[in-house]
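Residues per chain, in single letters:
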Amino acid sequence: SAVISQKPSRDICQRGTSLTIQCQVDSQVTMMFWYRQQPGQSLTLIATANQGSEATYESGFVIDKFPISRPNLTFSTLTVSNMSPEDSSIYLCSVTGEYWAEQYFGPGTRLTVT
Amino acid sequence: GQQLNQSPQSMFIQEGEDVSMNCTSSSIFNTWLWYKQEPGEGPVLLIALYKAGELTSNGRLTAQFGITRKDSFLNISASIPSDVGIYFCAGQLTSGTYKYIFGTGTRLKVLA
């Protein structure tokens, strides 16, 4: 499976600011996704990052709050905008593998908003 | 968002015991994935299931795709302390979308 890295691994931010999270894959992948995992909770899909076009957002998530870029087949960013304490979560990127039905996750970015 | 019901929510077991957990839904799924997440890390894919009734093993882990396509099961045999973690199931509702709904998780603690 692909090796996935995320930056930063963790951050503490003040409310009202924005943070951009990077996801880098060591090989070209077709599908990339961004998930949120709130403290002690399961994973919720935020959006599908589409290469060269606007991301596809899930219900409850909007582009103004979570703008996503995917300039090529190995890289994507997720920005958490105008943060509030409720945005404190782990943000994870995932990619499809050789068998497209399988998904592999990065190590996550642990965000705390104060 | 939508979630799958996973049970048990948590369990303490003795080292060497077998563990069973399941994931159920009222919806039909095309693919099931099982993950393990340890503290401070992202989920790691353990097993993928693609058709109803399929039984797949990965070492001491065995998972099954329920014949109704609404559930899946994971068994861990002869548990060891490093099995500690949170186990998530994930179901793909619609083939080709590659979008998954995740279960609520089973937190496993192994007593040596």
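Look up a bit, the structure's there.
This report concerns the structure included in the present document. A quick note: this is a predicted structure, and the numbers were derived from the prediction, not measured. Within any chain, residue numbers begin from 1 and follow the written order of that chain's sequence. Here chains are named by letter from A upward and ligands by number from 1 upward, in the order in which they appear as written. Two thresholds apply to this predicted model, a pLDDT of at least 70 for residue-level local features and 80 or more for giving and counting side-chain atom pairs, whereas whole-chain, interface and lining totals are computed over all residues. For the side-chain quantities, the full set of heavy atoms in the structure was used; hydrogens and water were omitted.

**Observations concerning the sheet that holds strand β7 (residues 68-72) of chain A**
Sheet strands pair by backbone hydrogen bonding; their relative direction is either parallel or antiparallel. Residues and elements named next belong to chain A. Being paired, for any two strands, means DSSP has found at least two bridges between them. Secondary structure elements follow DSSP: runs of H or I no shorter than four residues count as helices, runs of E no shorter than two count as strands, and numbering proceeds from the N terminus. Strands sit in the order β1-β3-β8-β7 across an open sheet of four strands; the sheet is antiparallel. Of all strands in the sheet, those bounded by a partner on one side alone are β1 (4-7) and β7. Geometrically, the sheet is characterised by an average inter-axis angle of 15° between neighbouring strands, direction not taken into account. Sheet topology note: the β7/strand β8 (residues 75-80) ladder contains three bridges and is antiparallel. The partner of Ile68 across the bridge, within β8, is Leu78. Note on method: axes are straight lines fitted to C-alpha atoms, helices fitted across the in-contact stretch only, with angles between N-to-C directions ranging 0 to 180 degrees.

**Re the state of the cysteines**
Note on terminology: disulfide denotes any pair of cysteine sulfur atoms within 2.5 Å. Taken as a whole, this structure holds two disulfides over all chains when the rule is applied. The disulfide that involves Cys23(A) links it to Cys93(A), with 2.0 Å between the sulfurs. Sign of the S-S torsion, about 65° for the bond between Cys23(A) and Cys93(A), identifies this disulfide as right-handed. Residue Cys23(A) is located in strand β3 (residues 19-25), and its partner Cys93(A) is located in strand β9 (residues 89-96); the two are separated by 70 residues in the primary sequence. For the residue pair Cys23(A) and Cys93(A), the accessibility class agrees, reading buried in each case. Here Cys23(B) connects covalently by a disulfide to Cys89(B), the sulfurs 1.7 Å from one another. On the criterion of sequence distance, the pair formed by Cys23(B) in strand β3 (residues 19-24) and Cys89(B) in strand β9 (residues 85-92) is long-range, its members being 66 residues apart. No disulfide involves Cys13(A); its nearest neighbouring cysteine sulfur is the one of Cys93(A), lying 18 Å away. Residue classification places Cys13(A) among the buried residues on the basis of a relative accessible area of 9%. Each residue's exposure class comes from its accessible area (1.4 Å probe, protein chains only) as a fraction of the maximum for that residue type: buried when under 20%, exposed when over 50%, partly exposed otherwise.

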